[in-house]
Every structure is written in C-alpha cells, then in structure tokens.
Amino acid sequence: MARNIFDYVFFTEIMQGLGVTLKHMFKKPVTYKYPFEATPIFERFRGVHYMKTDEQGKPKCVGCYLCERVCPSECIHIETDAGPNGERLIRKYEIELDRCIYCGFCEEACPVDAIHMGRSYDVVRPTRDGYRVNIKFLVKKYKEYIEEGKGE
Ligand code: SF4
Ligand code: SF4
C-alpha cells in the first residue's frame, strides 16, 4: 500500500508506536517477579493434590479405586490389602504429578472426601521419578494447607 507524503514527513507510524509506549509507561506493572514474588491464585485454581485425614490423623482414603478409574491420564496408582475385619488397607497410593492434567475428576469422584486439589503449583523436581508422590506426601500437603488457613 502506497504511503502518502504526510506519513513520510511526519513519521506517523513511529509517533503512533511511541504513543502506545507512553500510554503503558505510567500503568501499574502486571508482571510478578516469580519466584521472589508470589503470584495471585484464583479461588477455583486446581493445584497439587492433598489427602485429608480423620481425627486420628489417618488418611481418609478407603481404597475404593474410583479416583484411579476416573483419571483420564491414568496417573493414579493404588494397591490395597484386606484388613483383619474385611476392610481395605492402603498399601500404595501414588500420583504421577508430571502426567496429571489437573482436571479434578479424582476429587469429584471420591465418595469420602479424601483426595483434593490444593493450591500449590511450584513442585519442581530434578528427575521424572521425583514427580511420583505417595500418600505421605499428600498428607503433608494437607497439613500445609491447614496451616495456611485454607483447610477445613
Ligand atoms: S486431576 Fe485429573 S489427571 Fe490429575 S490425578 Fe486427578 S483425575 Fe487424574
Ligand atoms: S476415590 Fe477417594 S476413597 Fe476412593 S481410592 Fe480414591 S482417594 Fe481413596
């Protein structure tokens, strides 16, 4: 497209660009200096999971396998044993956080309100194996969640 003589003489495009720069120079910054500054987290944010415990401090999971079945990434792995009274004892409860898509289906499926999506997102590990977290980790996350005043 041919420019007119006015554009050549007055550098209108450069002036328009400078105008945009000037407009933003006096606005409040919208970036955060992560990890030195905490970024805001919205109410419905789904972060790393936690496992609720009962009054005795035991994980509330009853080993029904529903979360494992519903998980679209197949990243929950549960193994159970039969207890002396026919109850299920959790031998293994693991989540591969690097495969999880944080959809929250596990949380929705749980019939005893045990597994929940938390609010932390800064779990960084040097190896892929490090992202495989167990029930101990999930319970620890629950305690952190309560300490932050966000748990029940
Ligand atoms: S949040 Fe979704 S993908 Fe992640 S463990 Fe739960 S069901 Fe699976
Ligand atoms: S759905 Fe809940 S109770 Fe069932 S295995 Fe998963 S965490 Fe445990």
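Not measured: the values here are computed from a predicted model. (Residues numbered from 1 in each chain as written. Chains lettered and ligands numbered in written order. Predicted model: local features only at pLDDT ≥ 70, side-chain atom pairs only at ≥ 80, totals over all residues. Heavy atoms only, no water.)

### A closer look at the UniProt feature "binding site: [4Fe-4S] cluster 1" (unreviewed entry) in the protein chain
The positions that UniProt labels "binding site: [4Fe-4S] cluster 1" (unreviewed entry) are, in the present scheme, Cys 61, Cys 64, Cys 67 and Cys 110. Considering the C-alpha atoms alone, the annotated residues occupy 50 residues of sequence yet fold into one spot, their largest mutual distance being 10.3 Å. Tracing the sequence through the fold places Cys 61 in the loop between strand 1 (49-51) and helix 3 (66-70). Residue classification places Cys 61 among the buried positions, given a relative accessible area of 15%. Here Cys 61 is in contact with Met 51, Ile 90, Tyr 93 and Ala 114, once residues within four sequence places are set aside. Along the chain, Cys 64 falls in the loop between strand 1 and helix 3. With relative accessibility at 29%, the residue Cys 64 sits in the partly exposed group. Beyond its immediate stretch of four places on either side in the chain, Cys 64 contacts Arg 88 and Pro 111. (UniProt positions renumbered as here; feature names shortened; annotations may be inferred. Helix = DSSP H or I, 4+ residues; strand = E, 2+ residues; numbered from the N terminus. Buried < 20%, exposed > 50% of the residue type's maximum accessible area, 1.4 Å probe, protein only. Contact = heavy atoms within 4.5 Å.)

### As for the nonpolar core
Counting 24 residues, the largest nonpolar core has Met 51, Ile 76, Tyr 93, Ile 95, Leu 97, Ile 115 and Leu 138 as the members making the most contacts within it. Mapped by element, the contributors of at least two residues to this core are strand 2 (76-82), strand 3 (88-96), strand 4 (115-117) and helix 5 (135-147). Sorting elements by how many residues they give to this core places helix 5 first, with three residues. Setting aside anything within four residues of it in sequence, one finds Ile 95 in contact with His 49, Cys 75, Ile 76, Ile 115, Tyr 131, Arg 132, Val 133 and Leu 138. (Core = buried A, V, L, I, M, F, W, Y, C linked by side-chain atoms within 4.5 Å.)

### Observations concerning the environment of Arg 88
Position of Arg 88 relative to the elements: it lies in strand 3. Classification of Arg 88 by relative accessible area gives partly exposed; the value is 47%. For Arg 88 and Val 62, which are 26 residues apart along the polypeptide, the C-alpha to C-alpha distance reads 6.4 Å. Once you skip the residues sitting within four places of it in the chain, Arg 88 turns out to touch Val 62, Gly 63, Cys 64, Tyr 65, Thr 80 and Asp 81. Of the polar contacts made by the side chain of Arg 88, one reaches the backbone oxygen of Gly 63; its length is 2.8 Å. (Polar contact = N/O pair within 3.5 Å; in protein donor to acceptor, adjacent residues only side chain to side chain.)

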